Amino acid sequence: MEKNYIKYLLISLLIVVLLTGALNYLVDPLLYYQRDKRPFPVLYTEDQRFLIPGLIKNSRSMNTAIIGTSMAGIFRASDVSALLNEKTVKLTVNGATLLEQSYILSRYFDTHPDAKRIIWVIDPMYVDLDPELFTIRSYNYPFFLYDHNKLNLKYLINYAVTTHSIQTIINGFSGIKFYMKTTNLDDIHTWPLDTKTGCKQIMENYNKMSSQHFEVLDPILVPLTNFNELNASINLNRISELAERRKDIQIDLILPPYSIVRYLFENEKKGLNRILDARNALASL
Amino acid sequence: MQASEDIITDLDLYIDMIHHSSTVNKLIINNVVDRKFDNYESVLENSGKIRSLVNKLDFNEVKKCGNQLPQM
């Protein structure tokens, strides 16, 4: 009797696992597989680290990429496409170190032999960080999404992926929206057009940033005051190596626009020299 | 590789001191296309201008959101 119970339990578990795998394979919510057609509209996640691996695999026709941190995340790929007259994919990641950005760009190079142009927005704050630091926040990085193994059990039998699959199906049938997810890729990580502007708004943000909360939020960046030349040299070498690897691609390095308030703020907390040195180091590449 | 940048001191263009404004970033992308800021010397020069401006400004006055900041 007990043997039968265990047998049925194991068979039931196996069926659940197989059905889960089949569901995730069919819906493929994170675009792990390269496909032209999908059973449901893609529900893009705002979590860039889970979104980008699939975007890279499914953007073979996109010959231009935007790389960078959240400072570049505000770009709309459609705006860049219109300006450059090229098909553009946005591969920016909030808080990505230059190591993570280089990793992403390298994967893009691997899968895009026809790539023509890279818009790389380099935040001076990140130039001299520890070169082995992959993200500025602790994170269980989803490297498995960059695999090409068709039977990727980490993807197929995954709670978060299954949840996303179910949400994709519900959205496909009913149009119900889910938090931090959208069917419009162009909206990902951009700001609403009705966002308030002006000095008052800036100063409200300044007060938030100068509070202790900011130091807790960004414990790696905030205390830094001295520019680390050795770290910067290793980080910037990675950029040069990538440029050497694909000489057929035009790489535009952009320093994002910091406001004068930002510089004043950095000066107040003794971090201005570090940022200016980082800009200059980048300029000497 | 080419380096591009713009320095904008007009507070009204900024919605967040740490982050971004779609207006500004669209402008930056336009500059990349137009090649208005495409040499490394301009970055070095602008670093000097930033330092000079920071030294000139009283942050407490800036916080009061009075006059528009001087252009470089």
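Structure report, in brief. (Residues numbered from 1 in each chain as written. Chains lettered and ligands numbered in written order. Predicted model: local features only at pLDDT ≥ 70, side-chain atom pairs only at ≥ 80, totals over all residues.)

Quick look at the overall build of chain A now. When helices and strands are tallied, chain A shows 12 helices and six strands. The 285 residues of chain A split such that 39% are buried. Of the contacts formed within chain A by residues at least 6 apart in sequence, a portion of 79% connects residues at least 24 apart. (Helix = DSSP H or I, 4+ residues; strand = E, 2+ residues; numbered from the N terminus. Buried ≥ 20, exposed ≤ 12 C-beta atoms within 10 Å, placed from the backbone. Contact = placed C-beta atoms within 7 Å.)

This part takes up the overall build of chain B. Helix and strand counts for chain B stand at three helices and one strand. Each helix and strand of chain B, ordered N terminal to C terminal, gives the series β-α-α-α. Residue pairs at least 24 apart in sequence account for 66% of intrachain contacts in chain B once pairs closer than 6 positions are excluded.

Tracing the chain through its elements places methionine 203 of chain A in helix H8 (residues 199–209). For the pair formed by methionine 203 of chain A and valine 261 of chain A, sequence separation is 58 residues and the distance between their alpha carbons is 8.6 Å. Residues within four places of methionine 203 of chain A in sequence aside, it is in contact with Lys63 and Cys65 of chain B.

As a further point, take the pairing of strand S4 (residues 117–121) of chain A. Residue and element names in this part refer to chain A. Along S4, four of the five residues are buried, which leaves the element largely enclosed by surrounding structure. Relative to S4, strand S2 (residues 64–68) runs parallel, the two being bridged by five bridges. Residue pairing across strands places threonine 64 opposite arginine 117, the latter belonging to S4. Examined bridge by bridge, S4 and strand S6 (residues 250–254) share five bridges and lie parallel to one another. (Pairing = 2+ DSSP bridges.)

This part takes up the packing of helix H1 (residues 2–27) of chain A against helix H7 (residues 159–174) of chain A. Residue and element names in this part refer to chain A. Contact geometry for H1 and H7: axes closest at 9 Å, N-to-C directions at 55°. With respect to their mutual orientation, H1 and H7 come out oblique. Viewed along their axes, H1 and H7 form a crossing whose handedness is left-handed. Where H1 approaches H7, its residues Thr20, Leu23, Asn24 and Val27 are matched on the opposing element by Val161, Thr162, Ser165, Thr168 and Ile169. Looking at the contact of H1 with H7 residue by residue, the classes come out as four nonpolar, five polar and no charged. (Axes fitted to C-alpha atoms, helices over the stretch in contact; angles between N-to-C directions. Parallel < 35°, antiparallel > 145°, perpendicular 65-115°, else oblique. Left-handed = near helix turned anticlockwise from the far one by under 90°. Nonpolar A, V, L, I, M, F, W, Y, C, P; charged D, E, K, R; others polar.)

Let us look at unusual backbone geometry. All names here are of chain A. At methionine 180, a residue that is not glycine, the phi angle is positive and equals roughly 65°. Turning to its location among the elements, methionine 180 is positioned in the loop between H7 and strand S5 (181–182). You can call methionine 180 exposed: it has 10 C-beta atoms within 10 Å. The phi dihedral of histidine 189 is positive, around 65°, even though this residue is not glycine. Structurally, histidine 189 is set in the loop between S5 and H8.

All names here are of chain A. It is at 10 Å that the axes of helix H5 (residues 98–111) and helix H10 (residues 229–245) come closest, and there the two elements cross at 10°. For the element pair H5 / H10, the angle class is roughly parallel. For the pair H5 and H10, contact is made by Leu98, Ser102, Leu105, Ser106 and Phe109 and by Asn235, Arg238, Leu242 and Arg245, respectively. Its residues assigned to classes, the contact of H5 with H10 comprises four nonpolar, three polar and two charged.

Quick look at H10 of chain A now. Between its first and last C-alpha, H10 of chain A extends 24 Å over 17 residues, near the 24 Å set by a 1.5 Å rise per residue. In the core, the buried residues of H10 of chain A are packed alongside H5 and helix H12 (272–283) of chain A. (Expected span 1.5 Å × (residues − 1).)

Here we come to the nonpolar core. Counting 67 residues, the largest nonpolar core has Ala65, Ile66, Ile67, Leu91, Trp120, Ile122 and Leu282 of chain A as the members making the most contacts within it. For this core, the element with the most residues is H12 of chain A, which contributes six residues. (Core = buried A, V, L, I, M, F, W, Y, C linked by C-beta atoms within 7 Å.)

Moving on: the environment of asparagine 149 of chain A. Residue and element names in this part refer to chain A. Assignment of secondary structure puts asparagine 149 in the loop between S4 and helix H6 (153–156). Looking at asparagine 149, the number of C-beta atoms within 10 Å reads 10, which means it is exposed. The sequence separation of asparagine 149 and tyrosine 32 amounts to 117 residues, and the corresponding C-alpha distance is 9.6 Å.

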